[in-house]
Amino acid sequence: MSSSQVLWILALAFIPTGVLAAAAAYRRIRQIRRLVRQGERAQGVVVRLEPTQLEGPGSDAGITLRSSGTTVYYRVIAWATADGQAMETRTPIARSLERGPRLGARVEVRYDPAKPTRWTPAAESTGLWWLFVAVGGVFVAVGSGLFVGALASGR
């Protein structure tokens, strides 16, 4: 396989992956912002902590984390819609015990009344999602560089 073929393959892997990652993260950012601005308010309570362990070397995850073996927790929040529908939803991001609301803590939830399964904790930050947008941008930039390299080496 020639070096230009390798560059083409890598470019075709990096660019779509970066675009999809950035687009998905940006979509989540817009959803969070829309819910925080326009969503209905509800008071919820953290009723359960669902533990999960970060994977590290030798795991099936295939990535290495410095905090391998650390247990983080998804918060399960019970709340009710304005029309009285009981909801029990799990936060999309797991956090350590110190970084999230404790069991029994009251939290404000914002939700879409037309589709209550579309919700967010009112205090959720979009910082992590912006990081995914940036990583997607880096993938697109690297893929574009590989694409230019493939074009140049094909001459």
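First things first, this report covers the structure right here in the doc. Here the structure is a predicted model, which means the values were calculated and not measured. (Residues numbered from 1 in each chain as written. Predicted model: local features only at pLDDT ≥ 70, side-chain atom pairs only at ≥ 80, totals over all residues. Heavy atoms only, no water.)

**A look at helix H1 (residues 3-38)**
Residue pairs spaced three or four apart in an α-helix point in one direction, given the helix's 3.6 residues per turn. Stated formally: Starting at the N terminus, helices and strands are each numbered in turn, a helix being any DSSP run of H or I of at least four residues and a strand any DSSP run of E of at least two. Helix span, as expected, comes to 1.5 Å for every residue beyond the first. Whether two residues are in contact is decided by their heavy atoms, any of which lying within 4.5 Å being enough.
For H1, built from 36 residues, the straight-helix expectation of 52 Å at 1.5 Å per residue is met to within 8% by its first-to-last C-alpha distance of 52 Å. Packed against the buried residues of H1 are strand S4 (106-112), strand S5 (115-121) and helix H2 (127-153).

**Quick word on a nonpolar patch on the surface**
The condition is simple: Residues enter patches when they are more than 30% accessible in relative terms and free of salt bridges; like-charged ones are connected within 9 Å and nonpolar ones (Val, Leu, Ile, Met, Phe, Trp, Tyr) within 5 Å. Surface accessibility follows the Shrake-Rupley procedure with a 1.4 Å probe radius. Residue values consider only the protein chains on display as shielding. Salt bridge criterion: a side-chain nitrogen from Lys or Arg within 4 Å of a carboxyl oxygen from Asp or Glu.
Judged by side-chain polarity, Leu128, Leu131, Phe132, Val135 and Phe139 come together as a nonpolar surface patch covering roughly 410 Å² of accessible area. By the secondary structure assignment, Phe139 is in helix H2.

**Some words on the nonpolar core**
For clarity, the cut-off: The criterion is simple. A nonpolar core is a set of buried Ala, Val, Leu, Ile, Met, Phe, Trp, Tyr and Cys residues joined through side-chain atoms within 4.5 Å. With a 1.4 Å probe rolled over the protein chains alone, any residue whose accessible area is under 20% of its type maximum counts as buried; one over 50% counts as exposed, and the rest are partly exposed.
Residues Ala42, Val46, Ile77, Trp79, Met87, Val107, Val109, Tyr111 and Trp119 constitute the largest nonpolar core, which totals 9 residues. The set of elements that each furnish at least two residues to this core consists of strand S1 (40-53), strand S2 (71-80) and S4. The dominant element in this core, judged by the number of residues it contributes, is S4, at 3 residues. Listed in part, the 6 residues of the second largest apolar core include Ala25, Ile32, Trp129 and Val133.

**Considering the pairing of S5**
Consecutive side chains along a regular strand alternate between the two faces of the sheet. Here is the rule we go by: We treat two strands as partners when DSSP finds at least two bridges between them.
In this structure, S4 lies alongside S5, joined through 4 bridges in antiparallel fashion. Across the sheet, residue Tyr111 finds its bridge partner in S5, namely Trp119. As consecutive antiparallel partners, S4 and S5 are separated by 2 residues.

**Here we look at the packing of aromatic side chains**
Note the cut-off: Put simply, two rings from Phe, Tyr or Trp (the six-membered ring, in Trp's case) pair if the centres are within 6.5 Å, and we call them stacked under 30 degrees between planes, edge-to-face over 60, tilted for the rest. Criterion for a charge above a ring: Arg CZ or Lys NZ at most 6 Å from the ring centre, at most 35 degrees from the ring normal.
Applying the stated rule across the entire model yields 6 aromatic pairs. Arranged with centres 6.4 Å apart and planes meeting at 40 degrees, the rings of Trp79 and Trp119 form a pair that is tilted. Placement of the pair is Trp79 in strand S2 and Trp119 in strand S5, with a sequence separation of 40 residues. Exposure class is identical for Trp79 and Trp119. Each is buried. Pairing Trp129 with Phe132 gives two aromatic rings, centres 5.8 Å apart and planes at 50 degrees, and the pair type is tilted. Placement of the pair is Trp129 and Phe132 together in helix H2, with a separation of 3 residues, close to one helical turn. Residue class for Trp129 comes out buried when judged on its relative accessible area of 17%. Given a relative accessible area of 39%, Phe132 falls into the partly exposed group. Among the aromatic residues, ring-to-ring pairing joins Trp79, Tyr111 and Trp119 into one connected group. Over the ring of Tyr74 we find Arg90; its NZ or CZ atom is 3.7 Å from the centre of that ring.

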